[in-house]
Each structure stands twice: as structure tokens, then as C-alpha cells.
Amino acid sequence: MKRLTGLVSALALTVGMASTAVAETSMGIVVKIGGIPWFNAMEDGIERRAAELGVDAEMIGPVSADPALQVQAIEDLIAKGVDVIGVVPNDEAALEPVLKKARDAGIIVISHEGPGLENVDWNFELASAEGFGEAHAKLLSDKTEEGGSYAVYVGSLTVPLHNAWADAAIAWMDENRPDLKIVGDRYGVAENVDDSRSTALDLIAANPDLKGFLAFGSQGPIGAGRAVEERRKTGEIQVMGPFSPGQGRKMIHSGVLTGGYMWNPAQAGEVFVTLGEMLVKGEKIEAGTDIPGLGVVDPDVEGRDIITDNLLEINAETVDDLAEKGL
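Presented here is a report on the structure given in the accompanying data block. (Residues numbered from 1 in each chain as written. Predicted model: local features only at pLDDT ≥ 70, side-chain atom pairs only at ≥ 80, totals over all residues. Heavy atoms only, no water.)

Here's the deal with helix 3 (residues 67–80)
Move 1: Counted at 1.5 Å a residue, the expected span for helix 3 with its 14 residues is 20 Å, and the 20 Å between its end C-alpha atoms agrees.
Move 2: The complete set of buried residues in helix 3 reads Pro67, Gln70, Ala73, Ile74, Leu77 and Ile78. Each buried residue of helix 3 lies within a common arc of 145° when the element is viewed along its axis, so the set occupies one face. Residues of helix 3 that are exposed and point more than 90 degrees away from the buried face comprise Ala79 and Lys80.
Move 3: On the buried face of helix 3, the contacting elements are strand 1 (26–30), strand 2 (56–60), strand 3 (84–87) and helix 4 (92–104).
Move 4: Between a side-chain oxygen at the N-terminus of helix 3 and the backbone nitrogen of Ala68 the separation is 2.9 Å; the capping residue is Asp66. (Helix = DSSP H or I, 4+ residues; strand = E, 2+ residues; numbered from the N terminus. Expected span 1.5 Å × (residues − 1). Buried < 20%, exposed > 50% of the residue type's maximum accessible area, 1.4 Å probe, protein only. Arc of directions from axis to C-beta. Contact = heavy atoms within 4.5 Å. Polar contact = N/O pair within 3.5 Å; in protein donor to acceptor, adjacent residues only side chain to side chain.)

See below:
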């Protein structure tokens, strides 16, 4: 009997240990689109930080920037019963119902590049929308002495943060460089190299006074740069915006790309995991909280936004070092 009791006790201990081993925090982070350098770097950050914290985290990258695919991915994560869902939204309005469903199910929701989302626990940014847009507008202005026209790209017309950057850049240009006029309004092509290139070719042909592209979306500068190079307009038409240094380094050195600003997408991936684990543990986010990857924060508690200034400048002097870091 004593031997049987010992076996039962040992079995119970083994089961308890197994339960503890699988009781790690589970997360799924849904990004705009998979397979492009920006989100490949973010995935590296997610995996690295998850390994450090002992968290089960995966990134889901849809095959296209279709909001419906993000909705389906989040539905799958809800069914899976993860503890945390992260999202980099393509269309905030399209995601609100499914994010509400996630929170109603007790899942913590964190967004990045989604400052207008309502159904989140927290949204975090590594740059303010106004500061990011204005920085690119100032760069265009500095590099363009004569008047003319310029074009603005965004990932799509439904990506809130890209359009907030564009709003800030256009407002700054209107006030400070009225001699540079925007062509049309903006073009939602900057998540696709081919679309960015073909649109740029059309704009160059239709606007002989075109002086620059402000391309908000990591594939926009690359596609517009290819068009500028094809039309032998290097140096005449400035191309700037956020892009992966590893993808654009040759174009920077050849002068096709003027430069731009970015934050580290791998760092953003790490923050998703760090912040998710903090919230699962019940840690409070308030003024003075030190969040690894963001630093000491002063959050907008009512709006559930954490906005920091972690901009990196991309130019001929910095691009190689940034690319060597895997960005």
C-alpha cells in the first residue's frame, strides 16, 4: 500500500510539473503582411524576446495586406485560446469587432501602429505620428531647392498611422513649402514594390515638374526608387520614407534613395512580447514604468497609448550599420 501511495504521489508530482511546464504565456502577433524585410525583422525580435522570457509567441503574416485575412488570423487565435493577441492593423475599423470578441474572451490585446483602435488594452509607438511625418517633410524640403510637385504614398488608404504621417507631412509642406504642390492626394501602394514602381512611372510621365516622393510604407521607397532609376531621374527626383536598410542600402549609396527615418521593427517585436508578458502578470502601466525596448514611459492612460521617440535616421552614413544589424 505504501508503495502504491508513493507511485500515486510521484505520478501526481510528474503531472503537476508537466502542467507547470506548459503553463507559459501564449501569444499570437498578426502583422500587415508576411514575407517582407520589415516584418521578417519584427519576427526575429518576437522570437528572440520570447526565448528570453520563456514565452510561446508566434507571428502571423498574411499573404497580402487584406484586412479580411487579419480578421481571420485573429479569429483563429481566439479559437486557439491564446493569452495575448498583438496586431499591426491594415484597417482599424475592420478589426474592431474581432478585437472586441478577443477581449470579451479574456484575451489581452496589444496593437502597434494602431493609435485609433478602441478594443485594445494598449497601443505602443516608437515614434509620434506628427514627428515622423514632419521629419520626412523637412528632409524633402532640405533636398529640394526649387518648387514643383511631390507625391505621397501610404500603405493603403485604410492604414491609420500611415495616413496620420501623411497628414502631418502634407500640413508641414503646405505651411513651409507652398512652392511644392502635392500631386493628387495620396496613393495607397506602399506595401507593394510593383504597385509603387508602376504608380511612380505614371506620375513621372504625367508631371514633368515632379521633385519627390514621400513614401510611407516600407516597400514604397523601393518601388518609387526603381522607377526613378529607370527614368534616369536620380538626383532630380528625391525619394524618401521608412524602408528596410538591408533592402535599400544599394539604392542609398547610388543616390536613388535620399533617405528617411525608421524605428527598429525587431525592437517593436520585442516590445510586443515584453508588454504582453507584463500585462499577463498583472503589472500596471503608468507614468514612470520602465518597459524594456521603450524605456521609461509616460503613457496616455485614457487613450491607452504609449508613444516614445526611438527614431533612427537612414542615410549613406548609417545604412550599412543598420543593415548589418539585420534591419
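Description of the sheet that holds strand 13 (residues 305–307)
Move 1: Pairing is parallel across the open sheet formed by six strands, whose spatial order is 2-1-3-4-5-13. At either margin of the open sheet sits one strand with a lone partner, and together these are strand 2 and strand 13. Adjacent strand axes in the sheet meet at a mean angle of 20° when their direction is disregarded.
Move 2: Across four bridges, strand 1 lies against strand 3 in parallel orientation. What sits directly across from Val30, in strand 3, is Val87.
Move 3: Lying over the sheet, helix 10 (residues 265–280) contacts strand 1, strand 2, strand 3, strand 4 (108–112), strand 5 (122–125) and strand 13, oriented at roughly 155° with respect to strand 4. (Pairing = 2+ DSSP bridges. Axes fitted to C-alpha atoms, helices over the stretch in contact; angles between N-to-C directions.)

With respect to the packing of aromatic side chains
Move 1: For the structure on display, the rule yields nine aromatic pairs.
Move 2: Taken together, a centroid distance of 5.1 Å and an interplanar angle of 80° make the contact between Phe124 and Phe272 edge-to-face. With a gap of 148 residues between them, Phe124 in strand 5 and Phe272 in helix 10 connect regions that are remote in the sequence.
Move 3: Ring geometry for Tyr153 versus Tyr187: centroids 6.5 Å apart, planes at 75°, classification edge-to-face. Here Tyr187 lies in the loop between strand 7 (180–182) and helix 7 (193–206) and Tyr153 lies in strand 6 (residues 148–153), a separation of 34 residues in the sequence. (Phe/Tyr/Trp six-rings, centres within 6.5 Å; stacked < 30°, edge-to-face > 60°.)

Some points on the pattern of salt bridges
Move 1: One pass over the structure, following the stated rule, counts 18 salt bridges.
Move 2: Lys32 is paired through a salt bridge with Glu113; the nearest N and O atoms lie 2.8 Å apart. Highlighted residues: Lys32 in the loop between strand 1 and helix 2 (37–53) and Glu113 in the loop between strand 4 and strand 5, separated in sequence by 81 residues.
Move 3: Judged by its relative accessible area of 3%, Glu113 is buried.
Move 4: Of the charged contacts, one joins Lys101 and Glu75 as a salt bridge, the two residues approaching to 2.8 Å between their closest N and O atoms. Remark: Glu75 occurs in helix 3 and Lys101 occurs in helix 4; sequence separation between them is 26 residues.
Move 5: Members of the salt-bridge network, linked through shared partners, are Lys32, Glu113 and Glu191. (Salt bridge = Lys/Arg side-chain N within 4 Å of Asp/Glu carboxyl O.)

Considerations on the sheet that holds strand 7
Move 1: Overall, parallel pairing links the four strands, which are arranged 7-6-8-9 in an open sheet. The open sheet is flanked by strand 7 and strand 9 (238–240), the only strands paired with a single partner. Pairs of neighbouring strands in the sheet enclose a mean axial angle of 20°, with direction left out of account.
Move 2: Here strand 8 (residues 210–215) pairs with strand 9 via three bridges, running parallel. Bridge pairing in strand 9 places Leu214 opposite Met240.
Move 3: Helix-sheet contacts for helix 8 (residues 220–230) involve strand 6, strand 8 and strand 9, and the interaxial angle to strand 9 is about 165°.

Some details on the environment of Gln219
Move 1: Positionally, Gln219 belongs in the loop between strand 8 and helix 8.
Move 2: Separated by 29 residues in the primary sequence, Gln219 and Ala190 place their C-alpha atoms 5.2 Å from one another.
Move 3: Residues in contact with Gln219, not counting those within four places in the same chain, are Ile36, Pro37, Ala190, Glu191, Asn192, Val193, Ser196 and Gln247.

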